[in-house]
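Residues per chain, in single letters:
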Amino acid sequence: MNQHAKIDIRHSTCPHDCPSACALDIEVIDGRSIGRVRGSKQQTYTAGVVCAKVARYAERIHHPERLLYPMRRTGPKGSGQFARISWDEALDEIAARFDKAEREFGAQSVWPYYYAGTMGLVMRDGINRLAHVKKYSRFYGTICATIARIGFAIGTGKIAGVDPREMGVSDLVVIWGTNPVNTQVNVMTHASRARKERGAKIAAIDVYNNDTMKQADVKILLRPGTDGAFACGVMNVLFREGYADRAYMGRYTDCPEELETHLETRTPEWASKISGVPVEEIEAFARLVGQTRRTYFRLGYGFTRSRNGAAQMHAALCIPAVTGAWQYEGGGAFFNNASIWKFDESIIEGHDAIDRDTRWLDQSRIGRILTGDAEALKNGLPVKAMLIQNTNPMTVAPEQALVRQGFAREDLFVAVHEQFMTETAAMADIVLPATMFMEHDDLYYGGGQQHISVGPKLIDPPGECRSNHQVLQGLGQRLDAVHPGFDMSPRELIDATLKKSGHGDIETLEADLWRDIQPDFRTSHYLDGFAHADKKFHFKADWANPPFGNPGLGPWAQMPSLPDHWTIIEEADEHHPFRLATSPSRSFLNTSFNETPGSKVREGVPTVMMHPEDASALSIADGDAVTLGNTRGETTLRVKLFDGLRRGVLIAESIHPNKSHIGGRGINMLTGAETVAPVGGAAFHDNKVWVKKAAPVA
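About the thresholds
Residues numbered from 1 in each chain as written. Predicted model: local features only at pLDDT ≥ 70, side-chain atom pairs only at ≥ 80, totals over all residues. Heavy atoms only, no water. Buried < 20%, exposed > 50% of the residue type's maximum accessible area, 1.4 Å probe, protein only. Helix = DSSP H or I, 4+ residues; strand = E, 2+ residues; numbered from the N terminus. Pairing = 2+ DSSP bridges. Axes fitted to C-alpha atoms, helices over the stretch in contact; angles between N-to-C directions. Parallel < 35°, antiparallel > 145°, perpendicular 65-115°, else oblique. Left-handed = near helix turned anticlockwise from the far one by under 90°. Contact = heavy atoms within 4.5 Å. Nonpolar A, V, L, I, M, F, W, Y, C, P; charged D, E, K, R; others polar.

Q: Looking at this model, I keep getting lost on the pairing of strand E16 (residues 430–433). Mind explaining?
A: Residue alternation in E16 divides its side chains into two sets, Ile430 and Leu432 and Val431 and Pro433, and both sets are buried. The pairing of strand E4 (residues 71–73) with E16 spans two bridges and is antiparallel. For Met71, the partnering residue across the bridge sits in E16 and is Val431. Sheet topology places strand E15 (residues 413–418) next to E16; four bridges connect them, and they run parallel. Counterpart to Ala415 in the pairing with E16 is Ile430.

Written out as structure tokens, the structure reads:
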């Protein structure tokens, strides 16, 4: 009885939808449970630092409300009334309903739907193998990074940049369109090291005085959707005052003279009227950048939340090409390292089974798809059956009024594989209990850094939880979906994928723990040329021919080829005088961690930040209940008076459950699903709304 618990320190990688992909040291207690989770000091990017919500992971993985058994709905959709059934009963019923939909309406009436609840390749992407083999409707993921990714790649030619650890040797770190204190804490680790060791400055550019901006030396407060105007005003000063590196541009860029002429009318005065940033702040920032060779631009996912986000990302990215910052250690730009992994996922996803004639459906337009919008359905079959893994569209998808209407259809069969009874799971016909990342094997990469790793199974799952791969194996067998990937274990899939990708085998990668595959300095800084065919950085964007994605989506022909302010954003008007951004919080991650006690206490009830002068004009006091609305819907929440934003701007942090909002309608009642140019996306931070004081709430 006096024996102490045996604690082993095991290693893994955080699987959640954050670019940091932190390297983890995990306490495994008696081989059965999880204790403290720490950032590993053995990996140079994580550098021993991990966010608080993952440090408290034991309260999530051992949460008493985890789903433990398969269940069948027994009451109305959304009632939460379920009865326990066996795995065989559950999988048999899902397969039967999928077969029924295929017989009556065709294979494309089945739509497997997923996203980034885990970033592990096996457990995230394996669902595509089922879709490809069975010729179900294919899935086009657009909610997260599509818009910003294309804006970066249209300039450089690929999605890769300067080693993010070089922030630590920079003299000026510009954190633009991201709040890493909330969303990717390791950015602050390296930026803060540069300030401590080198006296570097940190500049933050965002739409409100968030936790990152509060730590910055230079603070630039924009109106949402005006980054391109600010960038142009900065470049106007760089050219006008002699900070542009003409020798660098002559060698490495496509049309510097044309850019300079174009920017002559994009003065700081012009930019100030659009962005709200005072002229003197635009000029001071430009001079600081122009005088600091080692300026590192850490560009973030905020760009991917706006209708003009691709053009804005491109405009911001042009600044270090004008100054020639790419030449120097600690200088240049970074957004994501998607181009360096070169993972061959053909076995995981079943690429050999893809039929290009099978339609793809846009993830962001799920509300329109499920309510029968002909355009969203590609003028094809209605969706009659779904399997959902790794995502919670009943809360996170835009146009929630349509999403709710779609999921309420009695003729729609939905199976949800989940860890908790999310609002999507509550609408399901069959609910399946899912493992968490410490309960299965998977393969990871760090989007915001440069390591790949195997995340091993550390403990057994509770109850009857099964991994995504096990569910797909069970359905594949019942649906006669024949492919080698269904017959392999997760470790075998990882091993085969590594070998096909030129990364060796699973045992070697496990021995490495986290393998650093950062390209060399010259490659990372594009010193031998950029990744376009002409080896140039492109100031002039060819939006008609993007390097990836489904081209020609949205109003792409209207996009400015040279950096500019593109007025496609949802501007405030007489009836909708406010602009709303739905920014990420510190303790939730989309709807992950919504259920953990520590995160719930920190985040509290849903609130909207409002400038005190705006609130006073509407006779609204701090803590009042207010209703925000537009043509898409309404939501009611509490006001938090906050002067750290521009007049006319509202900020609602995070995605609280709909049920946490007064009246049960969440923030995504207000967000739109219009297709964003040029390759799709969802503009979550780009909304015009009205505000009115709500009736008193008990």
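Q: Just checking my understanding: could you explain unusual backbone geometry for this structure?
A: For residues besides glycine, phi is generally negative; the peptide bonds are generally trans as well. The residue after Ala677, namely Pro678, is reached through a cis peptide bond having omega 0°. Looking at the secondary structure, you find Pro678 in the loop between strand E24 (649–651) and strand E25 (687–693). A positive phi angle, near 60°, is found at Lys378, a position not held by glycine. By the element assignment, Lys378 lies in the loop between helix H17 (366–370) and strand E14 (385–389). Phi at Asn590 is positive, roughly 55°, even though this residue is not glycine.

Q: Explanation requested: the packing of helix H9 (residues 227–240) against helix H14 (residues 309–323) in the structure shown.
A: Axis angle and axis distance: for two packed helices, these are the angle between their axes and the distance between the axes, and together they describe the pair. Between H9 and H14, whose axes approach to 8 Å, the crossing angle comes to 20°. Taken together, the axes of H9 and H14 lie roughly parallel to each other. When you trace H9 past H14, the crossing you get is left-handed. Contact with H9, carried on its side by Asp227, Gly228, Ala231, Val234, Met235, Leu238 and Phe239, involves Gln312, Ala315, Ala316, Cys318, Ile319, Val322 and Thr323 of H14 and no other residues of that element. Class assignment of the residues belonging to the contact of H9 with H14 gives a composition of 10 nonpolar, three polar and one charged.

Q: Honestly, the environment of His525 in this entry has me stumped. Any pointers?
A: Relative to the elements of secondary structure, His525 occurs in the loop between helix H23 (521–524) and strand E20 (578–581). Distance from His525 to Phe334, taken between C-alpha atoms, is 10.0 Å for residues 191 residues apart in sequence.

Q: Hey, could you run me through the sheet that holds E16 in this one?
A: Sheet strands line up and pair through hydrogen bonds in the backbone, either parallel or antiparallel. The strand order across the open sheet built from six strands is E5-E4-E16-E15-E14-E6, with neighbouring strands paired in mixed fashion. The open sheet is flanked by strand E5 (82–84) and strand E6 (110–114), the only strands paired with a single partner. When the angles between neighbouring strand axes are averaged without regard to direction, this sheet yields 20°. Helix H5 (residues 127–134) contacts E6 and E14 of the sheet and is inclined by roughly 165° relative to E6.

Q: Which parts of the structure should I look at to understand the environment of Gln327?
A: Mapped onto the elements, Gln327 comes out in the loop between H14 and strand E12 (332–334). Assessed through its relative accessible area of 29%, Gln327 is described here as partly exposed. Gln327 sits 236 residues away from Pro563 along the chain, and the two C-alpha atoms are 22 Å apart. Ignoring any residue separated from it by four or fewer positions in sequence, one finds Gln327 in contact with Asp245, Tyr248, Phe521 and Leu527.

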